[in-house]
Amino acid sequence: MYRASGRIMQQLRHRMPALEGRLAVSLAAPALKTFTQQQQQQQQRHEQVRWTATSTVSSKQVTTPPPRHDWNRAVSEAERIVGYPTSFLSLRWLLSDEIANVALHLRKLVGSAHPLMKTAKHLLYNGKNTMQAWGLIVLLVSKAAGHAPSVPDVEQDKSAGVLHSQRALAEVTEMIRISHLVHNSVVNLQSSTEAGQDAATYDDMSFGNKIGLLTGDYLLGHSSAELANLRNQEVVELISSAVRDFSESEFIGERDEQNNPLPYKPGTFQRPSLSVAVDFNEHDVMTPMPIAQVLGNPEQEWECRNILNAGSLLGKSCQASLKLAGQSEELQRHAYRFGKHLALAWQACLDAEPFQCPTLPLDTTFSLVSAPVLFHLEHDPSLYVQLEKGKQSVDNIDYDAIHKAVLAGPALAKTKELQRKHTAAALAVLQHFPATDARQALENIILAMQDL
Amino acid sequence: MACLSTSGRVVCGSRRQQTHKLLCQLFGRQSGYSTAVSSSGSTSGSGSQLQWNVNSQQYQLVRRFHGLSFNPGKDYLDLLQNSHSCSHNLKYSQCSKTNLRQHSSVHTQQPAGPVREIQIDPYIILDDELKYFYDDVRDLLQSGTSQPELDTIASYYFDGQGKALRPMVTMLMAKAINYHLNNESHQLVHKQRQVALFSEMVHSASLVHDDVIDQSDFRRGKPSVNALWNHKKVTMAGDYILSIASIMIARLRSDDVTIVLSQILTDLVQGEFMQLGSRETENERFAHYLTKTYRKTASLIANALKATAVIAQADDNVAEVAFQYGRNIGLAFQLVDDMLDFVSSTEQMGKPTAADLKLGLATAPVLFACEKYPELNPMVMRRFTEPGDVERAFELVHKSHGLEQTRFLAKKHCNEAIRLAQELTESPYQKGLQVVADLVINRLK
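Calculation notes
Residues numbered from 1 in each chain as written. Chains lettered and ligands numbered in written order. Predicted model: local features only at pLDDT ≥ 70, side-chain atom pairs only at ≥ 80, totals over all residues. Helix = DSSP H or I, 4+ residues; strand = E, 2+ residues; numbered from the N terminus. Contact = placed C-beta atoms within 7 Å. Axes fitted to C-alpha atoms, helices over the stretch in contact; angles between N-to-C directions. Parallel < 35°, antiparallel > 145°, perpendicular 65-115°, else oblique. Left-handed = near helix turned anticlockwise from the far one by under 90°. Nonpolar A, V, L, I, M, F, W, Y, C, P; charged D, E, K, R; others polar. Buried ≥ 20, exposed ≤ 12 C-beta atoms within 10 Å, placed from the backbone. Expected span 1.5 Å × (residues − 1). Bend = angle between axes of the 7 residues up to and from the residue. pLDDT = per-residue confidence, 0-100.

**Q** Any chance you could explain the overall build of chain A here in plain terms?
**A** When you go through chain A residue by residue, the secondary structure sums to 19 helices and four strands. In chain A, once contacts between residues fewer than 6 apart in sequence are set aside, the share between residues at least 24 apart is 75%.

Below, the structure is given as structure tokens:
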């Protein structure tokens, strides 16, 4: 078991330098006593770090921001502000029997083509683009907002300025996001599909599905236990509804055999001219996103899809975190909006990325409902003929041709515009929070993202 | 899947009788134990109607697994007194007229006194709570999404064809506790019913995910979800059911209930993980099997029952009784399920027999059989993967006393459940809890 988790940890190291010491110790010395001692030392070290961080941050970071916003620096400074890095990779989580079990089973899948391996790789090697440190954002928002004076002292993590419950919530946020990614790696093995008929890979695929499904369920189950322990039913309700939104997002629009989304045929819907943005009913979390209202409007359809897919969890987690801190409804709503706009800006940034270079890099694909494609379809509906080839499998699509077509049109500029719009919205909402090092860190992250 | 077995509707009479005979041989250790199968023409709607006549006790039970299609609008006491003579008259007259006469005279004499178990059919006394049960689940699932396909997949197993065992036991315990605490407010029962909804929803979500894992094509006598829909969508639909169930429970605004119920989810997954590996030694194997069974099946019932006690603000002792009752019933249920996997016919279970062996799982009958036939051990270790393993193991289990021993163990848990139920104040529901223990041990599918 230790060897298995050790493998994961090795891969994690470059992502989490601060955790490395603790991991190494826990592996080398199973004695619980040494372990806790070490943890305490670590804690103290963190406190020192954080202490110096606040004192220097206000003088150094705020007054002289880096000339060009550097992503890694923005994130690592932000991590220092909230104590130690995002908690999803906490020891408790990694050293559980189930995860060690999963690691063992995953090894059997190495070399197979199961998408679970790709997901695992993405999670472990966090490139700048896949790294969406959502737990970190939740913690920063929590710290930026502070908490009501009524919250008892024992609940507070003095060193980091966030509540223990908020830290747990940040962990839940990461677990739910990963469980969705992992569940999304399940392969459709229906007998009518290509994957279901390939006898050579069937066993691997079916085994991978099993592991993926159980791992996702494990994360969901533990999220729900962690949530329950927060003893705040409004929070449970809100976060559960974010899980609902994730599932719903996988049903919107046309899909190929592997459930990859395809855009609607242009002209399927009368284009609605909505001036008001569509969002959840803030008085009833059970009400689903009224996405039918916006189908046919590329920008709003994109927005709805991605709120369900990303913005919902980040927004609702930020909101829930302020609930835990006893903050006002109004500030909670701002937190939701901040999370939502940040996630959307992030998504727009990711969507634009494959179109940044003049030719599509080898083996690279992009989502067919990404903002550039949707904008281009609006500009030139004839592109749909190309997309139709993907009805059975998106692999049949000539991505290079679409890439070329999109670059020739105004879609990329519009996507950049979309990103700026949500970046600006996120920065504007942030002004409702008091000026603190945490707020500054959030601004730095947003600005760094814009420069990516 | 080995997890909670579920039923298809039984139509085939002769087949049922055959299996019945088999089970009678198996169960019929008691002397004077005789059975009669109703040859009633009305097979639809009311499930299997069996009449059991044990010795001189005249212990009689009408077994109805599909209790939901019942005449509405009757107060339970009224039903208690008249159910045999009115709604079951027809069937009874075909079974045994003498019995009917004896019983109806007994019934009319005791409207106020202690209610005898003979009269209790849990599904009838819970008619108010269970009648629109599946409609309510479907409405709930529909209200949470704007995507028709998601709604369709998520509601697929809420078709009213299941036994509804979990909601039934949950409501029985809820009402027995309310009676015990002398608090029968309507609001309270409504909240407890949400727990029953939760139990059934979580169960279905686990079935939906199990279908993707096991790739079986049939469940409850109809195509399973993974045969009909994209597996990715099916996975998401399972998550969707869970999320809606969690929202519903969060709305009860009880921290403790949410905590008790969240334990179910972690147990379920841990149980699944335990099922993945079978590297235990022979000694540990049975303990491993029992822990797995608790986590996969019994925890759901035990914690749901405990939650109803927590809502009713019962003290810890009552909550513990509820929990332990549920745990014992759950274990017995799964033990019987594992045994039926060896004796029932495919049509009866709505899924193929020896399904567990085919999945590589060694359940109680096999583990017991190992004692007599050590040659089973290597097969267990290699998860019955070699050709002929499944058939050989099946045969050896039948040759050994594995099935009887499994039933004996189940019976022990049922007796413990009955003992626990008796700690609650006597009421029709408390009696119902004891009847359930009997239903569980004697069920045929």
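Once the structure has been displayed, the description carries forward.
**Q** Help me out: how do you make sense of the packing of helix α15 (residues 316–343) of chain B against helix α21 (residues 402–421) of chain B in this one?
**A** When two helices pack together, their arrangement is given by the angle between their axes and by how far apart the axes lie. Residues and elements named next belong to chain B. Viewed as axis vectors pointing N to C, α15 and α21 meet at an angle of 160 degrees, and their least axial separation amounts to 8 Å. Taken together, the axes of α15 and α21 are roughly antiparallel relative to one another. Crossing of α15 against α21: the hand is left-handed. Taken together, the residues of the contact of α15 with α21 break down into 17 nonpolar, four polar and three charged.

**Q** Explain the environment of B:D211 here, please?
**A** Residues and elements named next belong to chain B. Mapped onto the secondary structure, D211 falls in helix α10 (residues 186–214). You can call D211 buried: it has 27 C-beta atoms within 10 Å. Taking the C-alpha atoms as reference, D211 lies 9.4 Å from T235; in sequence the two are 24 residues apart. Apart from residues lying up to four places away in sequence, D211 is in contact with S216, R219, S224, V225, N226 and V234.

**Q** Even after reading the chapter, I still don't get helix α18 (residues 411–430) of chain A, so can you show me in this structure?
**A** Think of an α-helix as turning once every 3.6 residues; residues three or four places apart then point the same way. All names here are of chain A. Its 20 residues give α18 an end-to-end C-alpha distance of 29 Å, which sits within 8% of 28 Å, the value for a rise of 1.5 Å per residue. Where α18 is concerned, the buried positions are A411, K414, T415, L418, Q419, H422, T423, A426 and L430. Looking at the buried side of α18, the elements it contacts are α13 (298–324), α14 (329–352), α15 (371–379), α17 (399–408) and α19 (437–451).

**Q** Honestly, helix α14 (residues 282–311) of chain B in this entry has me stumped. Any pointers?
**A** In a regular helix each residue adds 1.5 Å, so 30 residues correspond to 44 Å; α14(B) covers 42 Å between its end C-alpha atoms and thus fits that length. At B:A298, α14(B) shows its largest kink, close to 60 degrees.

**Q** Just to check I follow, could you spell out unusual backbone geometry for this structure?
**A** Residues and elements named next belong to chain B. Its identity is not glycine, yet A164 carries a phi of approximately 55 degrees, on the positive side. In this structure, A164 sits in the loop between α8 (148–155) and α9 (165–180). With a phi close to 50 degrees, R220 is a non-glycine residue in the positive phi region. Turning to its location among the elements, R220 is positioned in the loop between β3 (218–219) and β4 (222–223).

**Q** Explain the environment of B:M201 to me, please; I cannot follow it from the model alone.
**A** Residue and element names in this part refer to chain B. You can see M201 is positioned in helix α10. Note on M201: 25 C-beta atoms within 10 Å, which makes it buried. When the C-alpha atoms of M201 and A154 are compared, they prove to be 9.5 Å apart, with 47 residues separating the residues in sequence. For M201, the contacting residues outside a window of four places in its chain are V137, I241 and A245.

**Q** What am I meant to see in the confidence of the model for chain A here?
**A** Caution applies to low-pLDDT regions: their predicted coordinates should not be interpreted in detail. Residues and elements named next belong to chain A. With 77% of its residues at a pLDDT of at least 70, chain A reaches an overall mean of 80. Per-element confidence in chain A ranges from a low mean pLDDT of 35 for helix α2 (residues 17–28) to a high of 97 for helix α12 (residues 233–249). Low pLDDT (under 50) marks residues 1–63, which in the prediction has 60 contacts with non-local residues, meaning those over four places away or in another chain.

**Q** Where do I start with the interface of chain B and chain A in this structure?
**A** Often, the extent of an interface is quoted as the loss of accessible area upon association of its parts. Contacts between the two partners involve 42 residues from chain B, matched on the other side by 44 residues from chain A. For the side of chain B that touches chain A, the secondary-structure elements that each account for two or more residues are α8, α10, α12 (231–250) and α13 (255–276) of chain B. Of all the elements, α12(B) adds the most residues to the side of chain B that touches chain A, at 14 residues.

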